[in-house]
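Here's the letter readout for the chains.
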Amino acid sequence: MKITANNPNRKSWIKVDENSDFPIQNIPFGVFITKDDIITIGTRIGDFAIDLGAFHQLGYFNGIPLTDDIFLQDNLNDFIADGRKTWRLVRNRIADVFDVTNGSLRDNAVHKDKVIFRMEDVEMLLPVAVGDYTDFYASKEHATNVGSLFRDPENALFPNWLQIPIGYHGRSSSIIPSGTPIRRPVGQSKPNEGETTPNFGPSKLLDFELEMAFITTDSNNLGDRIPIEDTEEYIFGLVQFNDWSARDIQGWEYVPLGPFLGKNFASTISPWIVTLDALEPFRVENPKQVYKPLPYLKQEGKGSYDIKLQVGIQPENGEETVIANSNFKYMYWTMAQQLAHHTVNGCNVRSGDMMGSGTISGPTKDSYGSMLELTWRGQNPVQLNDGTTRKFINDNDTVIMRAHCKNDNVRIGFGDCVGKVLPVK
Ligand code: MN
């Protein structure tokens with residue numbers, strides 16, 4: 001089925017600023033609550049949120065097989081489970097109704113009043129009920145940097161890294177939408193030299209991880225695998241993702257089973273899921289892989305997407321300083337390879353599961369996706385515009401992440417992924 005929603009020449013009767021992340025070609029999906037405490041699934045064009053529950057009730061999805069209450073829910077899981085064909089029909093219809101040439105809703109003031117809200121009048125909630133969350137470790141630059149810092153620059157990458165998309169199972173209960181403040185975590189860290197009792201207290205090395213994450217639909221029955229050529233059928237879309245990390249807690253606890261309390265205290269996501277369909281015009285080659293992957297990981301065609309990523313720090317009452325610019329295309333392992341690998345043992349993936357990319361670091365020092373790498377574990381603090389410096393993240397700092405794609409015709413973005421760090425209680 002053709003993705004007519006992506007037509008770059010289309011204009012909407014809703015006014016959209018040219019630097020907006022949400023032109024009519026985006027049509028992301030999210031969940032919001034109105035001032036009247038109504039929770040609904042919606043989409044966004046420009047600075048307006050569109051209530052898809054009301055849109056459906058008023059008949060604008062007529063002819064598309066959808067249950068009556070599919071959008072009158074507090075998460076997208078059921079809609080995502082309807083599958084790619086339905087996602088496409090719905091995006092195409094929304095694009096048609098909001099097209100500048102279509103008067104059906106545009107000229108109906110009563111309907112518009114029920115369907116369209118200003119963004120400042122709604123609050124964004126988590127878009128999905130995340131059942132399972134997996135985080136990969138898929139940027140070669142990041143894995144090399146972290147291997148050098150935590151272990152040995154000569155053997156920064158373990159031999160398995162170039163053969164397997166490495167990952168771990170994270171925790172979904174602490175995934176929060178952009179704007180939710182986080183608390184600095186408390187925990188154990190490595191004992192001082194010559195002592196056996198570990199240190200205990202507020203984390204001193206609180207960090208962010210610049211990531212993207214993809215949201216899946218029901219993919220496979222327990223015991224079945226997804227062939228790599230089918231994986232993209234099961235990826236609904238992407239969000240931006242800050243995988244907050246306490247490096248001192250992580251450094252002490254991670255041997256031998258990997259990340260635990262240094263990671264699971266909070267994970268912030270941007271609230272609009274941008275569909276894989278909307279990102280189609282921005283496909284690019286993924287990096288050349290050192291070894292030929294095993295057949296189940298062999299992917300044909302362009303496996304990555306050109307998504308520009310940015311991180312800034314804003315101190316309390318101060319201005320933001322952009323401290324890094326990276327790109328999703330630097331990822332060594334693609335989403336298709338990650339999903340094929342995740343299911344090769346028969347592990348079943350469900351609607352609303354979230355798969356983090358792992359920190360996305362580029363080849364240059366200003367493209368690293370964590371403070372650990374940007375400051376080389378505090379050796380080279382970054383300077384902020386207000387004259388202060390940071391080795392890691394201070395209390396009351398706000399970390400702001402942004403992600404967007406841009407070509408000559410259209411800009412598709414994710415909105416902000418923001419979190420402020422509050423002091424320990
Ligand atoms: Mn991570």
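In case you missed it, the structure is sitting above this.
Every chain's residues receive numbers from 1 upward, in the order its sequence appears when written. Given that the model is predicted, a residue must reach a pLDDT of at least 70 before its local features are reported, and side-chain atom pairs must reach 80 or more before they are shown or counted; all residues, however, enter totals for whole chains, interfaces and linings. Working from all heavy atoms in the structure, the side-chain values ignore hydrogens and water.

### Quick word on the overall build of the protein
Heads up, the rule is: Counting from the N terminus, the helices are the DSSP runs of H or I reaching at least four residues and the strands are the DSSP runs of E reaching at least two. Atoms counted for the radius of gyration: C-alpha only. Globule rule: 2.2 Å times residue count to the power 0.38. Residue burial is assigned from relative accessible area. The probe radius is 1.4 Å, only protein chains are included, and a residue is buried under 20% of its type maximum, exposed over 50%, and partly exposed in between. Should any heavy atoms of two residues lie within 4.5 Å, those residues are considered in contact. Note on areas: Shrake-Rupley with a 1.4 Å probe; residue coverage comes only from the protein chains shown. Charged residues are defined here as Lys and Arg on the positive side and Asp and Glu on the negative side; His and the ends of the chain fall outside this count. Charge placement uses NZ in Lys and CZ in Arg. For Asp and Glu, CG and CD serve respectively.
The secondary structure content of the protein amounts to ten helices and 26 strands. Here the C-alpha atoms of the protein give a radius of gyration of 22 Å, agreeing with the 22 Å that 2.2 N^0.38 yields for 425 residues. Expressed as lengths along the three principal axes of its C-alpha atoms, the size of the protein is roughly 75 × 55 × 40 Å. In the protein, buried positions account for 56% of the 425 residues. The long-range share in the protein, meaning contacts at least 24 apart out of those at least 6 apart in sequence, stands at 73%. Accessible area of the protein: about 18700 Å², with a carbon and sulfur share of 48%. One finds the centroid of the 42 positive side-chain charges in the protein at a distance of 3 Å from the centroid of its 54 negative side-chain charges.

### Concerning the packing of aromatic side chains
Under the convention used in this document: The criterion for an aromatic pair is that two Phe, Tyr or Trp rings (for Trp, the six-membered ring) have centres within 6.5 Å, with stacked assigned to planes under 30 degrees apart, edge-to-face to planes over 60 apart and tilted to the rest.
In this structure the tally under the stated criterion is 16 aromatic pairs. Measuring from centroid to centroid gives 5.7 Å for Phe-29 and Phe-236, while their planes differ by 40 degrees, and the two rings are tilted. One end of the pair, Phe-29, is in the segment before strand S1 (30-34); the other, Phe-236, is in strand S14 (residues 235-242), with 207 residues separating them in the sequence. According to the relative accessible area criterion, Phe-29 is buried, its value standing at 0%. Seen in terms of ring centroids, Phe-71 and Phe-79 are 5.2 Å apart; in terms of plane orientation they differ by 50 degrees. Their pairing is tilted. Assigned by exposure class, Phe-71 and Phe-79 land together as buried. Through a chain of ring-to-ring contacts, three or more aromatic side chains come together here, namely Trp-13, Phe-29, Phe-55, Tyr-60, Phe-61, Phe-71, Phe-79, Trp-87, Phe-98 and Phe-236.

### With respect to the sheet that holds strand S3 (residues 48-51)
This is how the line gets drawn: Strand pairing requires that DSSP identify at least two bridges connecting the strands. A fitted line through C-alpha atoms serves as each axis, taken over the contacting stretch for helices, and the angle formed by two N-to-C directions is quoted from 0 to 180°.
Strand order in the open sheet formed by five strands is S4-S3-S2-S1-S5, and the pairing between neighbours is antiparallel. With one partner strand each, in any of the chains shown, strand S4 (116-118) and strand S5 (122-125) form the two edges of the open sheet. Between one strand axis and the next, the sheet turns through 45 degrees on average, direction left out of account. Across four bridges, the pairing between S1 and S5 is antiparallel.

### Focus: a nonpolar patch on the surface
The cut-off we apply is this: Only residues whose relative accessible area exceeds 30% and that take part in no salt bridge are eligible for patches, with like-charged residues grouped when within 9 Å of each other and nonpolar side chains (Val, Leu, Ile, Met, Phe, Trp, Tyr) grouped when within 5 Å. Salt bridge, as applied in this entry: a Lys or Arg side-chain nitrogen positioned within 4 Å of an Asp or Glu carboxyl oxygen.
A surface patch of nonpolar side chains, amounting to about 280 Å² of accessible area, comprises Val-186, Phe-200 and Val-424. Relative to the helices and strands, Val-424 resides in the segment after strand S26 (411-422).

### Thoughts on the sheet that holds strand S25 (residues 398-406)
Here five strands make up an open sheet; going across it, the order is S9-S26-S25-S20-S21 and the pairing mixed. Every interior strand has two partners, whereas the edge strands, strand S9 (182-183) and strand S21 (321-327), have only one. Strand direction decides the pairing type here: strand S20 (residues 308-314) and S21, joined by six bridges, are antiparallel. Residue pairing for S21: Gln-310 is matched across the bridge by Asn-325.

### A word on the coordination of the manganese ion
Counted only if it meets this: Here the coordinating atoms are restricted to nitrogen, oxygen and sulfur within 2.8 Å of the metal centre, or 3.2 Å for Na, K and Ca, and because water is not among them the sites may look incomplete.
Summarising the metal site, the manganese ion is bound by the protein donors Asp-135 (OD), Glu-209 (OE), Glu-211 (OE) and Asp-243 (OD), whose distances to it range over 2.1 to 2.2 Å. Counting along the primary sequence, the residues that act as donors to the manganese ion give the motif D-x73-E-x1-E-x31-D. In this pair, Glu-211 is assigned in strand S13 (residues 210-216) and Asp-243 in the loop between S14 and strand S15 (245-246), connecting sequence segments 32 residues apart. For Glu-211, a relative accessible area of 0% puts it in the buried group. The exposure class of Asp-243 is buried, given its relative accessible area of 0%.

### As for the layout of surface pockets
Cut-off, in case you're wondering: Grid points spaced at 1 Å over the protein atoms alone were grouped into cavities, where a 1.4 Å probe fits but cannot get out, and pockets, open sets with protein on both sides within 12 Å along at least five of seven lines, with lining residues defined by an atom within 4 Å of a point. Grid points are joined across faces, edges and corners, and a volume is the space filled by probe spheres set on the points. Residue type decides the class: Asp, Glu, Lys and Arg count as charged, Ala, Val, Leu, Ile, Met, Phe, Trp, Tyr, Cys and Pro as nonpolar, and the leftover types, Gly among them, as polar.
Estimated volume of the largest pocket: approximately 630 Å³. If you list the elements that add at least two residues to the lining of the largest pocket, you get strand S6 (133-136), helix H6 (140-150), strand S7 (167-169) and helix H7 (247-253). Sorting elements by how many residues they give to the lining of the largest pocket places H6 first, with four residues. Considered class by class, the residues forming the lining of the largest pocket number 16 nonpolar, seven polar and six charged. In this structure, the second largest pocket encloses a volume near 420 Å³. Along the walls of the second largest pocket sit 20 residues, with Val-16, Glu-18, Pro-23, Gln-25 and Asn-409 positioned nearest its centre.

### Topic: the pairing of S3
In this sheet, S3 lies alongside strand S2 (residues 39-45) in antiparallel orientation, the contact comprising four bridges. Within S3, the position partnered with Arg-44 by the bridge is Ala-49. Hairpin connection between S2 and S3: a loop of two residues separates the two successive antiparallel strands, and Gly-46 in this loop has a positive phi of roughly 55 degrees.

### Examining a negative patch on the surface
Taken together, Asp-68, Asp-69, Asp-78 and Asp-82 make up a surface patch of like negative charges. Relative to the assigned elements, Asp-82 resides in the loop between helix H2 (77-81) and helix H3 (84-97). The partly exposed category is assigned to Asp-82, whose relative accessible area is 36%.

### Quick notes on unusual backbone geometry
Cis geometry is found at the peptide bond from Val-255 to Pro-256, where omega equals 0 degrees. Looking at where Pro-256 falls in the secondary structure, it is placed in the loop between H7 and strand S16 (267-269). In this structure, Ile-27 is a non-glycine residue whose phi angle is positive, near 50 degrees. In this structure, Ile-27 sits in the segment before S1. Of note, Asp-37 is a non-glycine position whose phi angle comes to about 65 degrees, a positive value.

Just geometry here; none of it tells us what the structure is for.
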